[in-house]
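Observations on the three-dimensional arrangement
Chain residues, written in single-letter form:
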Amino acid sequence: MSFGGQSMATTWSVRLVADSRLEIDRLRRDCQAALDRIVAQMSQWEPESHLSRFNRADAGEWLALPPEFAAVMAEALELARMTGGAFDPTVGAASEAWGFGASQVRRAPTGVALKMLATGQGWARLDFEPGPARLRQPGGIALDLCAIAKGYGVDRLAEVITAAGVSSYIVEVGGELRAQGLKPDFQPWWVDLEVTDSSEHAPLRIALSGFSVATSGHARRFHDVNGMRLGHTIDPASGAPLRNGTQSVTVLAETAMRADALATALMVMGDAAADFACHYGIAARIVADSEILTPVLAAMLD
């Protein structure tokens, strides 16, 4: 059985193994509603989303967070600490300035304006209280959760499907996937790891059951500005799109939210990404001038 829809400016889909008693139409509506809640809370394109209201808040103002937003924020700050700010949820101003936010302006900031876009560990200025969940605007901080919210959407789909009593499925939002269980032929859910359009490296086929996978790269979201091809991944240290030579990073993790954010962080790290991934036991494929498979991922392919 399969069904899907649209959300987060992309498509989502579900394939599952279940008997005929499952109410597919109701399950599809529940899945769409779960994704709609994420958009309503965390989209920078929705002016009344919780994220947009936080970005407009005055310095010192606290914003109460619904459970979904709180879960994403807790993970975002944990990964910001873990990666030393390579993943930083406070790059919203830079994303907007370079045309990857709601404004869609396509120009290259220069001089003082560019320096002001560097967050300088902006995540460390946030005060987050988990219960009851709330977040304090320190002043001048703009959140951008695009590098983690889509992964969270995948996880929420998995939770909705599991709650319906389904134990074998593969769910996807915009190319990020999570799978569980076996198909009727007792085969796992096989997927090909995504590569960039220009990559000469062959796809890698893996058994995804029990894991999530996310890829970060510049093949799909980029602008041509003043003759330069600029990808959507922002370097928090400079406030500018990455130009470190990394083409794409694919990460496998238990949750799609973590895989999504770590793929972005490893993109930002550039040459330091492989050592970081090996140190933390991350299953990753890093494509730059050459291809690197971390030991954990290589072992999964054996």
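The structure this text deals with has already been given above.
Since we're looking at a predicted model, the values are computed, not measured.

Quick look at the pattern of salt bridges now. Any two side chains of opposite charge can pair, on the condition that their charged atoms come close. Per the stated rule, a full pass over the model turns up 12 salt bridges. A salt bridge links Arg 134 to Glu 129; its shortest N-O distance comes to 2.8 Å. Residue Asp 192 pairs with Arg 205 through a salt bridge whose shortest N-O separation is 2.8 Å. Taken together, the residues span a long stretch of sequence, with Asp 192 in strand 8 (residues 190-192) and Arg 205 in strand 9 (residues 205-207) at a distance of 13 residues. On the basis of relative accessibility, which here comes to 43%, the residue Asp 192 falls in the partly exposed class. Exposure remark for Arg 205: the relative accessible area of 53% places this residue in the exposed category. Connected via shared salt-bridge partners are Glu 75, Glu 78 and Arg 258.

Throughout the structure, instances matching the rule amount to two aromatic pairs. Judged by centre distance (6.0 Å) and plane angle (80 degrees), the ring pair of Phe 3 and Trp 12 falls under edge-to-face. Grouping residues by exposure puts Phe 3 and Trp 12 together as buried. On the numbers, 4.6 Å between centres and 40 degrees between planes, the contact of Phe 276 with Tyr 280 is tilted. By relative accessible area, Phe 276 is classed as buried at 13%. When the ring centre of Trp 62 is taken as reference, the NZ or CZ atom of Arg 134 above it lies at 3.8 Å.

All right, on to the sheet that holds strand 3 (residues 62-64) then. The sheet built from three strands is open, its strands ordered 3-5-4 with antiparallel pairing. Two strands close off the open sheet at either side, each with one partner strand: strand 3 and strand 4 (127-130). Adjacent strand axes in the sheet meet at a mean angle of 15 degrees, parallel and antiparallel pairs treated alike. Relative to strand 5 (residues 133-136), strand 4 runs antiparallel, the two being bridged by four bridges.

With that settled, the discussion passes to the pairing of strand 6 (residues 168-173). The buried fraction of strand 6 amounts to six of the six residues, a majority that puts the element mostly inside the structure. Side chains Ser 168, Ile 170 and Glu 172 project from strand 6 onto one buried face, and the interleaved Tyr 169, Val 171 and Val 173 project onto a second face that is buried too. Sheet topology places strand 2 (residues 10-17) next to strand 6; six bridges connect them, and they run antiparallel. Following the sheet pairing, Val 17 is matched in strand 6 by Ser 168. Alignment of strand 6 against strand 7 (residues 176-180), held across five bridges, turns out to be antiparallel. Paired with Glu 172 across the bridge in strand 7 is Leu 177. In sequence, strand 6 turns back onto strand 7 through a hairpin of two residues, with Gly 174 there showing a positive phi of about 55 degrees.

Right, let's get into the side chain of Ser 216. Along the polypeptide, Ser 216 turns up in strand 10 (residues 212-217). With sequence-adjacent residues up to four places away left out, Ser 216 is seen in contact with Thr 233, Gln 247, Ser 248, Val 249, Ala 263, Thr 264 and Met 267.

Attention now moves to a nonpolar patch on the surface. Residues Phe 211, Val 296 and Met 300 make up a contiguous nonpolar surface patch of roughly 210 Å² in combined accessible area. Checked against the element boundaries, Val 296 lands in helix 9 (residues 295-301). Relative accessible area serves as the criterion here: at 33%, Val 296 is assigned to the partly exposed category.

With that settled, consider the sheet that holds strand 16 (residues 283-287). Spatially, 1-2-6-7-10-15-16-17 is the arrangement adopted by the eight strands of the open sheet, whose pairing is antiparallel. A single partner strand is all that each edge strand has here, and the edge strands are strand 1 (2-7) and strand 17 (291-293). Neighbouring strand axes in the sheet, compared pairwise and without regard to direction, differ in orientation by 10 degrees on average. Pairing of strand 10 with strand 15 (residues 248-253) involves six bridges; the strand directions are antiparallel. Following the sheet pairing, Thr 215 is matched in strand 15 by Thr 250. Each of strand 1, strand 2, strand 6, strand 7 and strand 10 is contacted by helix 6 (residues 146-163), which is oriented at about 150 degrees to strand 6, the strand it contacts most. This element, helix 7 (residues 256-269), spans strand 7, strand 10, strand 15 and strand 16 of the sheet and lies at about 30 degrees to strand 10.

The subject of this paragraph is helix 1 (residues 24-42). If you check helix 1, its first and last C-alpha atoms are 27 Å apart, about what 19 residues at 1.5 Å a residue would give, namely 27 Å. If you check which residues of helix 1 are buried, you get Leu 27, Cys 31, Gln 32, Ala 34, Leu 35, Ile 38, Gln 41 and Met 42. Buried residues in helix 1 make contact with strand 1, strand 2, helix 2 (50-56), helix 3 (67-82), helix 6 and strand 6.

Conventions adopted
Residues numbered from 1 in each chain as written. Predicted model: local features only at pLDDT ≥ 70, side-chain atom pairs only at ≥ 80, totals over all residues. Heavy atoms only, no water. Salt bridge = Lys/Arg side-chain N within 4 Å of Asp/Glu carboxyl O. Helix = DSSP H or I, 4+ residues; strand = E, 2+ residues; numbered from the N terminus. Buried < 20%, exposed > 50% of the residue type's maximum accessible area, 1.4 Å probe, protein only. Phe/Tyr/Trp six-rings, centres within 6.5 Å; stacked < 30°, edge-to-face > 60°. Lys NZ or Arg CZ within 6 Å of the ring centre and 35° of its normal. Pairing = 2+ DSSP bridges. Axes fitted to C-alpha atoms, helices over the stretch in contact; angles between N-to-C directions. Contact = heavy atoms within 4.5 Å. Patch = residues over 30% accessible without salt bridge, like charges linked within 9 Å, V, L, I, M, F, W, Y side chains within 5 Å. Areas by Shrake-Rupley, 256 points an atom, 1.4 Å probe, with all protein chains shown as cover. Expected span 1.5 Å × (residues − 1).

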